[in-house]
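Topology and contacts: notes
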Amino acid sequence: MTETIVPAELEIDLRQLVMTIANTVDLVGVDDVLHGRRVGMLAREMAIRMGWGEAEQLILYDAGLLHDCGVSSTRVHHRLVVDLEWSGAEEHCIRGYELLKDFQPLAHLALIIRYHHSAWSWLEQQSLPGNTALLANLIYLADRIDVLAAPYHADQSVLSHADEIRARLLAASGRLFSPELLAAFDKVSQEEAFWLGMQPEWVQQYLVDMEEHGDLRLIGWTEFKQCAGIFSHIIDAKSPYTEQHSQGVSRLARHLAERSGLDAMTCEKIEVAGLLHDIGKLQIPDEIIEGESALTPHEFDIMKSHSYGTLQVLKRLHAIADIARWASLHHETPDGHGYPFRVGGADLPIEARIINVADIFQALAQNRPYRKSMTPEQILSILQERAAQGRADAGVVALVADDLDNCHQIAICHE
Ligand SMILES: [Fe+2]
Ligand SMILES: [Fe+2]
Ligand SMILES: [Fe+2]
């Protein structure tokens, strides 16, 4: 493998990165993609009303945005937003903690996320550092306020339900939530403004206003690449069938990029584009990803939206515009009949062509509900057929043919 080159010039604004992860995590909500962002807003607003400092306000905002980063399945997401308490909630707290704890720029959020579904009566007995218990419990409270209020935004009836939501949460005082937090909620929720601010258009405005806030730290390539690894774990946790898919695509794409003779920096970026290419899949319902038979035309239309979603999420990170473009072109084909941009011929860059071949290879090497994993020879014959039809890059497929077993080992992560 080529030695890793660290591009000194790459600097990504940490605030933009947090927003990008938040957008990614919220895709799992499918029809309601603002849950994390509303929780961040509610937690921060309550902290302001309780007179907490700016540092804590910002930690709560970020923790709210990212609190469900351990949820990749649309089914699990649905379970979490229908009941006030669900016995299966703990798992995503642990996953979220594991994802963030070693990523230095966001590690301070890990413990808050770990305990964001823990009952206060238990939490207050634990010896957690500083005010972690209270911060985690405030995320829990904000989360449950949002879950109870969310069904009433579409028809703007939330004000008529405010009293009943308040009564339900206050009934859990001391058991699920800290009495101090509930007292603050009791007070602030008397105001209509508290509830009206949860309407989608105002949540969006709040996000725009917050972009100017707080820490504008820059992170470099090494940390960004680590963060791309976190994204890939979130994406691949979507379904047991896609386990390790993004990582396999990333490794194979890098390998093919090196064999194509691309420069070290481009290889490095292709590796990251492979990690990120399927971000948009998080918004595809689990039932479509795990369908037992071929997709219906309607399901395929929904499926086609995923690489478009990848671009929408990544385009906020201006410093990686090239990576975002290659990643979002991974279903485009040289003949221009791919999706969703219909980019082909000279407009389809080699980087995207490499990721496209790596993606098809890795997917065919995995089991799917409707077929078993294919052998390297079967995969190659499909790739060669596609290349002959103009639906895959012939030069890249020739590289695969030259090094088939090695490519297979790399794709299934058994290097
Ligand atoms: Fe949660
Ligand atoms: Fe894809
Ligand atoms: Fe993929």
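None of these values were measured; they are calculated from a predicted model. (Residues numbered from 1 in each chain as written. Chains lettered and ligands numbered in written order. Predicted model: local features only at pLDDT ≥ 70, side-chain atom pairs only at ≥ 80, totals over all residues. Heavy atoms only, no water.)

In the first shell of the iron ion (ligand 3), the protein supplies His245 (NE2), His277 (NE2), Asp278 (OD) and Asp359 (OD), at 2.2 Å from the metal. Around the iron ion (ligand 3), the 4 donor atoms sit at angles spanning 80 to 176°, and that spread fits a shape best called irregular. When the donors of the iron ion (ligand 3) are listed by position in the chain, the intervening gaps give H-x31-H-D-x80-D. The iron ion (ligand 2) is placed at 3.5 Å from the iron ion (ligand 3), the two being bridged by Asp278. Of this pair, His277 sits in the loop between helix H15 (264-276) and helix H16 (286-289) while Asp359 sits in helix H19 (residues 350-364), and the two are 82 residues apart along the sequence. (Donors = N, O, S within 2.8 Å, 3.2 Å for Na, K, Ca; no water. Tetrahedral: all angles 85-135°; square planar, octahedral: opposite > 155°, others 65-115°. Helix = DSSP H or I, 4+ residues; strand = E, 2+ residues; numbered from the N terminus.)

Glancing now at empty space enclosed by the protein. It is the rolling of a water-molecule-sized probe over the atoms that shows where space remains empty. For the structure on display, the rule yields 2 cavities of 30 Å³ or more. Forming the boundary of the largest cavity are Ile235, Asp236, Lys238, Thr242, His245, Asp278 and Lys281. For the lining of the largest cavity, the per-class residue count stands at 1 nonpolar, 2 polar and 4 charged. As for the second largest cavity, its lining consists of Val25, Asp26, His35, Gly36, His67, Asp68 and His77. Those elements that place two or more of their residues in the lining of the second largest cavity are helix H1 (14-26) and helix H2 (35-49). Within the lining of the second largest cavity, the residues separate by chemical class into 1 nonpolar, 4 polar and 2 charged. (1 Å grid on protein atoms, 1.4 Å probe; cavity = no way out; pocket = protein on both sides within 12 Å on 5 of 7 lines; lining within 4 Å. Points joined across faces, edges and corners; volume = space filled by probe spheres on them. Nonpolar A, V, L, I, M, F, W, Y, C, P; charged D, E, K, R; others polar.)

Our next topic: the domain arrangement of the chain. Domain boundaries assigned for the chain yield domain 1 (14-210) and domain 2 (238-411). Its C-alpha centre places domain 1 at a distance of 35 Å from the equivalent point of domain 2. Of the residues lining the interface, 14 residues belong to domain 1; the matching set on domain 2 comes to 14 residues. Between domain 1 and domain 2 the total buried area reaches about 1300 Å² when both faces are included, carbon and sulfur atoms providing 56% of it. Among the residues domain 1 hides against domain 2, the three largest losses belong to Thr20, Leu27 and Arg75. Together they make up 37% of the total. On inspection of domain 1 and its partner domain 2, the count reaches 3 salt bridges. Note that Arg75 is salt-bridged to Glu287, the shortest N-O span being 3.5 Å. (Domains from an automatic or database assignment. Contact = heavy atoms within 4.5 Å. Buried area = accessible area lost by both parts, 1.4 Å probe. Salt bridge = Lys/Arg side-chain N within 4 Å of Asp/Glu carboxyl O.)

Below, the discussion takes up the environment of His117. Relative to the helices and strands, His117 resides in the loop between helix H6 (110-114) and helix H7 (120-123). For the pair His117 and Asn23, spaced 94 residues apart in the sequence, the C-alpha separation amounts to 21 Å. Other than its neighbours up to four places away in sequence, His117 contacts Leu80, Ala89, His92, Cys93, Tyr140, Asp143 and Arg144.

Taken N-terminus to C-terminus, the directions of helix H20 (residues 376-388) and helix H21 (residues 394-402) make an angle of 160°; their axes are 9 Å apart at the nearest point. With respect to H21, the element H20 is oriented roughly antiparallel. Crossing of H20 against H21: the hand is left-handed. Between H20 and H21, the contacting residues are Leu380, Leu383, Gln384 and Ala387 on the first element and Ala394, Val397, Val400 and Ala401 on the second. Here the residues of the contact of H20 with H21 sort into 7 nonpolar, 1 polar and no charged. (Axes fitted to C-alpha atoms, helices over the stretch in contact; angles between N-to-C directions. Parallel < 35°, antiparallel > 145°, perpendicular 65-115°, else oblique. Left-handed = near helix turned anticlockwise from the far one by under 90°.)

Once that is clear, we can look at the pattern of salt bridges. Pairing between side chains of opposite charge can happen when their charged atoms approach one another. Per the counting criterion, the structure on display carries 26 salt bridges. When the shortest N-O distance is used, the salt bridge between Asp278 and Lys281 registers 3.3 Å. Judged by relative accessible area, Lys281 falls into the buried class, the value being 14%. By sharing partners, the salt bridges in this structure join Arg75, Lys238, Asp286, Glu287 and Glu290 into a single network. (Buried < 20%, exposed > 50% of the residue type's maximum accessible area, 1.4 Å probe, protein only.)

Here the largest pocket defines a volume of roughly 940 Å³. What lines the largest pocket is a set of 33 residues, among which Phe300, His331, Tyr339, Ala363 and Tyr370 lie closest to the centre. Among the secondary structure elements, those contributing two or more residues to the lining of the largest pocket are H16, helix H17 (297-314), H19 and H20. Among the elements that make up the lining of the largest pocket, the one with the highest residue count is H19 (5 residues). When the residues that make up the lining of the largest pocket are grouped by side-chain class, the tally is 14 nonpolar, 10 polar and 9 charged. Here the second largest pocket defines a volume of roughly 370 Å³. Only H2, helix H4 (74-82) and helix H8 (132-149) provide two or more residues apiece to the lining of the second largest pocket. The biggest single contributor to the lining of the second largest pocket is H4, with 5 residues. Of the residues that constitute the lining of the second largest pocket, the class distribution is 7 nonpolar, 5 polar and 4 charged.

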